[in-house]
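Now for the letters of each chain:
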Amino acid sequence: MKNNLKKLVFITFTTYISLFADSNWDNLLHYRDSENQVISREFFLSDIKNPTPNQELLTIIELLNSTNGNEIACNFPARYTYIKNNKYDIPNFNLQECQGLNAFVNTFSKDKVSLVFTSEYTNNPSSAFGHTMLLFSEDNKSLDIGNAIHFAAKTNKDDGFFKYSYKGFNGKYNGYFIR
């Protein structure tokens, strides 16, 4: 009994150190400088209003080990894969069997993927650095039928020219994605 407890404490401690010290987990949860960048409350599984990355990790591990584990893995495949790849003791789930996830992924089944950078819109200063998109399209079909994922910066209208330029050129603005 004592040896099992020591082993559990050791595994928990080493997992805690390796995962919590890893900035990739923070990036996966969209934390920058210990601050949450996500607006939607549905993004997090923790019941805490503003969970830390550590609290979210413990919550998702607990949920993956529950009877709803498969549903959690299907709804949060990147988190599941990350935790599984970091050798935490959670069940194996087959993401290929996730109907909703696969239906979503299949909407991107196209022949080509292009990185598109369009010029700025002169009547809108927040587009001064242009727009970046991933365009998923099929051969011999109009680009209008393709799927685009657009990334744009959320700028502050009160920033003066120099602050705006500095933050824009250095990627200091938060951004958002639109499909």
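Values in this document were obtained by computation on a predicted structure and should not be read as measured data.

Caption draft 1: Quick look at the side chain of Ser-46. Within the secondary structure layout, Ser-46 lies in the loop between strand S2 (35-36) and helix H3 (53-64). Those residues in contact with Ser-46 that sit more than four places away from it in its chain are Arg-41, Pro-51, Glu-56 and Thr-59.

Caption draft 2: Just the pattern of salt bridges, in detail. Summed over all chains, the structure comprises one salt bridge. One salt bridge in this structure joins Glu-56 and Arg-79, with 2.9 Å as the shortest N-O distance. Of this pair, Glu-56 sits in helix H3 while Arg-79 sits in helix H5 (residues 77-85), and the two are 23 residues apart along the sequence. Like Glu-56, the residue Arg-79 is buried in the burial classification.

Caption draft 3: Representation of the nonpolar core. Of all hydrophobic cores here, the largest spans 18 residues; its most connected members are Trp-25, Ile-60, Leu-64, Ile-72, Tyr-80, Ile-83 and Ile-90. The element that contributes the greatest number of residues to this core is H3, accounting for four residues. The residues contacting Ile-83, other than those within four sequence positions of it, are Trp-25, Leu-57, Ile-60, Ile-61, Leu-64, Tyr-88 and Ile-90.

Caption draft 4: Structural view of the confidence of the model for the protein chain. This prediction gives the protein chain a mean pLDDT of 76; 77% of its residues lie at or above 70. Note that residues 1-18 has pLDDT below 50 and, in this model, four contacts with residues that lie over four places away or in other chains.

Cut-offs applied
- Residues numbered from 1 in each chain as written.
- Predicted model: local features only at pLDDT ≥ 70, side-chain atom pairs only at ≥ 80, totals over all residues.
- Heavy atoms only, no water.
- Helix = DSSP H or I, 4+ residues; strand = E, 2+ residues; numbered from the N terminus.
- Contact = heavy atoms within 4.5 Å.
- Salt bridge = Lys/Arg side-chain N within 4 Å of Asp/Glu carboxyl O.
- Buried < 20%, exposed > 50% of the residue type's maximum accessible area, 1.4 Å probe, protein only.
- Core = buried A, V, L, I, M, F, W, Y, C linked by side-chain atoms within 4.5 Å.
- pLDDT = per-residue confidence, 0-100.

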